[in-house]
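Observations on the model geometry
Each chain, letter by letter, is given below.
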Amino acid sequence: MHHSGQQPLRELQPAVQQYSAGRSEQYMFRIGMMSLTNDAAVTVAAAGTDQSQCATSTFTLAGNTALVGTGAWSIVSGAGSITDAASPTSTVTGVTAGQTTVLRWTITNGACSSQDDVSLVNYVAVTVPDAGVDQAQCATSTFTLAGNTAVTGTGPGLLQVAQDLLQMLHHPQQPLLELQPELHLYSAGLSPMEAVQAMMKCH
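Heads up: these notes are all about the structure in this document. (Residues numbered from 1 in each chain as written. Predicted model: local features only at pLDDT ≥ 70, side-chain atom pairs only at ≥ 80, totals over all residues. Heavy atoms only, no water.)

**A short note on the pairing of strand β8 (residues 99-109)**
- Inspection of the sheet shows strand β5 (residues 70-77) paired to β8 by 7 bridges, in the antiparallel sense. Residue pairing in the sheet places Thr70 in a bridge with Thr108 of β8.
- Sheet analysis places β8 next to strand β9 (residues 112-123), joined by 11 bridges and oriented antiparallel. Paired with Trp105 across the strands is Asp116, a residue of β9. (Pairing = 2+ DSSP bridges. Helix = DSSP H or I, 4+ residues; strand = E, 2+ residues; numbered from the N terminus.)

**Considering the pairing of β9**
- Across 4 bridges, the pairing between strand β3 (residues 51-54) and β9 is parallel. Bridging across to β9, Gln53 finds its partner in Asn122.
- The antiparallel pairing of β8 with β9 creates a hairpin that spans 2 residues between the two strands, and Gly110 there sits at a positive phi of about 65 degrees.

**Some words on the sheet that holds β5**
- Read from one edge of the open sheet, 4 strands run β3-β9-β8-β5, paired in mixed fashion. Of all strands in the sheet, those with a lone pairing partner are β3 and β5, marking the two edges. Across the sheet, the mean angle separating the axes of adjacent strands is 25 degrees when strand polarity is ignored. (Axes fitted to C-alpha atoms, helices over the stretch in contact; angles between N-to-C directions.)

**Let's talk about the environment of Phe143**
- Summarising the element assignment, Phe143 is placed in the loop between β9 and α1 (158-169).
- Judged by its relative accessible area of 24%, Phe143 falls in the partly exposed class.
- Beyond its immediate chain neighbours, meaning those up to four positions away, Phe143 contacts Gln135 and Gln137. (Buried < 20%, exposed > 50% of the residue type's maximum accessible area, 1.4 Å probe, protein only. Contact = heavy atoms within 4.5 Å.)

Bear in mind that shape data such as this cannot, by itself, settle questions of function.
Put into structure tokens, the structure is as follows:
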């Protein structure tokens, strides 16, 4: 085997001559090289708190800034489009109503990485409440309400809300169904039916 002391290591190709059965075969050898890198630990990823909105398909993310490493958003499940995957506070559009979209904030630096997920919920808009028309009766304490059915969402129980409010303000001991026609919510200036309608608007 012959080699030159001035030849670069990776270019050394020593030849070994082997004679067998009257034939010459040449075997080539290379010297391999490797590098070892100890990457710095990345900033621990934080994707922010879960978010929920009503009939709104656009969300603003709240990931943390990567002090060490590079951050990137990705969609784990659900529909949506990330405006700027490299921005920790990017917007997300197209989140389907009635579904949940899960996104992942991943910070990487070489072989080091950290990730955290956040859920975005876009609730379907509720049915617009309609408490029905005003009612008036003569010396009759029982009324039948006519609120509309909630196609989307649930109601807290219109009659129960009005009764609880009346009991709390005026007659703590009064049975629930004994609504007196002359009773008014003096503190708010509302009649029982107006109070029911007001409560419906809040729900």
